[in-house]
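# Coordinate analysis (summary)
Each chain, written out:
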Amino acid sequence: MKLGIVGLPNVGKSTLFNSLTKAGAESANYPFCTIDPNVGVVPVPDARLGRLAALYDSEKITPAVIEFVDIAGLVKGASRGEGLGNQFLSNIREVDAIVHVVRCFEDPNVIHVDGSVNPLRDIETINLELIFSDMEILERRIARTSKSAMGNKTLAKELAVLKALYAHLEDGKLAKGYEAADEDEAAFIDSLNLLTAKPVIFAANVAEDELAGDAADNAFVNKVRAFAAETGSEVFVICAQIEQEIAELDEDEKKMFLEDLGLAESGLEKLIAASYRLLGLISYLTAGEKETRAWTIRVGTKAPQAAGKIHSDFERGFIKAEVVNYQDLLDCGSYAAAREKGLVRMEGKEYVVKDGDVVLFRFNV
């Protein structure tokens with residue numbers, strides 16, 4: 001999974017990136033501090049892996065990972081070359097979802113690029129820049145397709161979709177709000193990799209004293225929540241500064257620190273949960289003496305395609321999957337005991353893999 005982090009300058013975007021990835025993207029209290037896209041790979045926290053590895057006495061644990069891409073703060077006019085943001089938008093065209101960091105705290109010591117805190121205005125500013133960037137992509141595609149569409153029904157249909165989509169964006173609407181006529185049209189639009197077609201997770205950045213109550217009384221956050229509900233987006237509340245402090249601690253210290261703050265989980269864990277919900281993702285597990293590992297798949301993935309995540313040969317030569325629920329396996333104490341109790345199932349090509357399934361694939365090529 002790959003997530004792109006966007007936001008105005010000085011909203012806590014690079015501070016959050018630093019804390020999530022410990023990659024050390026420079027952050028400072030002035031615009032355009034981040035002038036190169038920063039990329040960090042983060043393991044997905046999953047307590048099941050350690051317990052499963054202990055059961056199998058595995059040599060190593062390999063968690064699922066998320067790749068974060070942090071780009072320079074966008075400003076009004078970025079799509080026309082203002083600031084530094086537009087030249088980096090291409091870096092997030094390949095991401096699965098966009099994490100939009102929104103400032104929801106007042107602090108006279110931290111400059112706001114527009115002079116005041118107004119999250120809905122900030123969201124609109126970013127959305128317009130993404131729309132303009134998408135329109136630029138469509139303009140080039142329309143010009144190219146127009147030359148070849150004469151007498152070609154497929155290209156003529158594509159051209160009509162491109163023009164309709166362009167008009168939709170021109171009205172200030174996001175591409176994800178455009179209703180495709182059929183599955184083929186939806187697949188074509190998906191292939192365009194438009195920024196405004198991507199799912200969005202809003203990271204509402206609040207002051208430290210508002211974290212424990214999930215910022216229930218923060219008027220800024222509540223406006224972001226209402227906007228997200230209207231647009232089918234996710235929201236999670238963070239304090240980027242606190243996340244950066246948490247990132248410096250080991251696991252035991254982190255747990256104590258979160259308890260002292262009255263928090264059940266870190267911002268990274270909130271973000272991952274929101275990402276999995278938004279993108280419809282789950283993890284299945286494999287375990288053995290050499291390795292215990294988590295594999296990320298979409299909800300509804302059948303066994304052969306899940307096997308293909310490990311290796312294409314597994315999918316091509318799929319015979320069956322031996323499946324046991326993670327908790328059942330743990331409760332039994334061993335794979336052999338789970339098998340004796342009839343909890344290990346043999347599943348075929350139509351089996352839909354579930355979150356927490358521990359799977360052993362049988363294949364022949």
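Residues numbered from 1 in each chain as written. Predicted model: local features only at pLDDT ≥ 70, side-chain atom pairs only at ≥ 80, totals over all residues. Heavy atoms only, no water.

## A short note on the overall build of the chain
- Summing up its helical and strand segments, the chain has 13 helices and 12 strands in all.
- Computed over C-alpha atoms, the radius of gyration of the chain comes to 23 Å, within 12% of the 21 Å expected from 2.2 N^0.38 for 365 residues, which places it in the range of a compact globule.
- For the chain, buried positions account for 47% of its 365 residues.
- Counting only contacts in the chain whose residues sit at least 6 apart along the sequence, the fraction spanning at least 24 positions is 68%. (Helix = DSSP H or I, 4+ residues; strand = E, 2+ residues; numbered from the N terminus. Rg over C-alpha atoms; globule rule 2.2 N^0.38 Å. Buried < 20%, exposed > 50% of the residue type's maximum accessible area, 1.4 Å probe, protein only. Contact = heavy atoms within 4.5 Å.)

## Re the confidence of the model for the chain
- Averaged over the chain, the pLDDT score is 87; the fraction of residues at 70 or greater is 91%.
- In the model, residues 24-35 has pLDDT below 50 throughout and makes 31 contacts with residues more than four positions away in sequence or in other chains.
- Across residues 82-86 the pLDDT falls below 50, and counting only partners more than four positions away or on other chains, this stretch makes 15 contacts in the model. (pLDDT = per-residue confidence, 0-100.)

## Description of the nonpolar core
- Within the largest apolar cluster, 71 residues are counted, with the highest numbers of intra-cluster contacts made by Phe68, Ile92, Cys104, Leu271 and Leu329.
- Considering every element that reaches this core, the biggest residue donor is helix α9 (residues 267-279), with six residues.
- Apart from the residues within four sequence positions on either side, Leu271 is in contact with Leu3, Leu20, Phe68, Val99, Ile201 and Phe236.
- Counting residues in each nonpolar core, the second largest holds 16 residues, with Tyr166, Ala175, Phe188 and Ile189 among its members. (Core = buried A, V, L, I, M, F, W, Y, C linked by side-chain atoms within 4.5 Å.)

## Topic: helix α1 (residues 13-21)
- Extensive coverage of α1 is indicated by the burial of nine of its nine residues.
- Residues Lys13, Ser14, Thr15, Leu16, Phe17, Asn18, Ser19, Leu20 and Thr21 constitute the buried set of α1.
- The positive-phi residue at the C-terminal boundary of α1 is Lys22, with phi of around 55 degrees.

## Re the pairing of strand β4 (residues 65-70)
- With four bridges connecting them, strand β1 (residues 2-6) and β4 associate as parallel partners. Among the inter-strand pairings, Lys2 is bridged to a residue of β4, identified as Glu67.
- One ladder, built from six bridges, connects strand β2 (residues 38-43) with β4; its direction is antiparallel. Within β4, the position partnered with Val39 by the bridge is Val69. (Pairing = 2+ DSSP bridges.)

## Focus on the packing of aromatic side chains
- For the coordinates displayed, the defined rule picks out four aromatic pairs.
- Where Tyr284 meets Phe361, the ring centres are 5.9 Å apart and the plane angle is 90 degrees; that geometry is what we call edge-to-face. Taken together, the residues span a long stretch of sequence, with Tyr284 in strand β8 (residues 281-287) and Phe361 in strand β12 (residues 357-363) at a distance of 77 residues.
- For the ring pair Phe318 and Phe361, a centre distance of 6.3 Å and an interplane angle of 65 degrees mean the geometry is edge-to-face. Of the two residues, Phe318 sits in strand β10 (residues 318-325) while Phe361 sits in strand β12, which places them 43 residues apart along the sequence.
- Chaining the aromatic ring pairs together yields one cluster made of Tyr284, Phe318 and Phe361.
- Directly above the aromatic system of Phe105 lies the positively charged group of Arg103, at a separation of 4.5 Å from the ring centroid. (Phe/Tyr/Trp six-rings, centres within 6.5 Å; stacked < 30°, edge-to-face > 60°. Lys NZ or Arg CZ within 6 Å of the ring centre and 35° of its normal.)

## Description of the side chain of Asn218
- Within the secondary structure, Asn218 sits in the loop between β6 (200-205) and α6 (219-231).
- Under the relative-accessibility criterion, Asn218 is labelled buried at 5%.
- Polar side-chain contacts of Asn218 include one of 2.9 Å to the side chain of Glu210.
- Among the polar contacts made by the side chain of Asn218, one reaches the main-chain amide nitrogen of Val221 at a distance of 3.0 Å. (Polar contact = N/O pair within 3.5 Å; in protein donor to acceptor, adjacent residues only side chain to side chain.)

## Comments concerning the sheet that holds β2
- Pairing is mixed across the open sheet formed by six strands, whose spatial order is β2-β4-β1-β5-β6-β7. At either margin of the open sheet sits one strand with a lone partner, and together these are β2 and β7 (234-238). On average, each strand axis in the sheet is tilted by 25 degrees relative to the strand beside it, whichever way the strands run. (Axes fitted to C-alpha atoms, helices over the stretch in contact; angles between N-to-C directions.)

## Some thoughts on unusual backbone geometry
- In the Ramachandran plot, Asp57 falls in the positive-phi region, its phi being about 55 degrees despite a non-glycine side chain.
- Among the secondary structure elements, Asp57 is positioned in the loop between α2 (47-56) and β3 (60-62).
- Phi at Asn193 is positive, roughly 55 degrees, even though this residue is not glycine.

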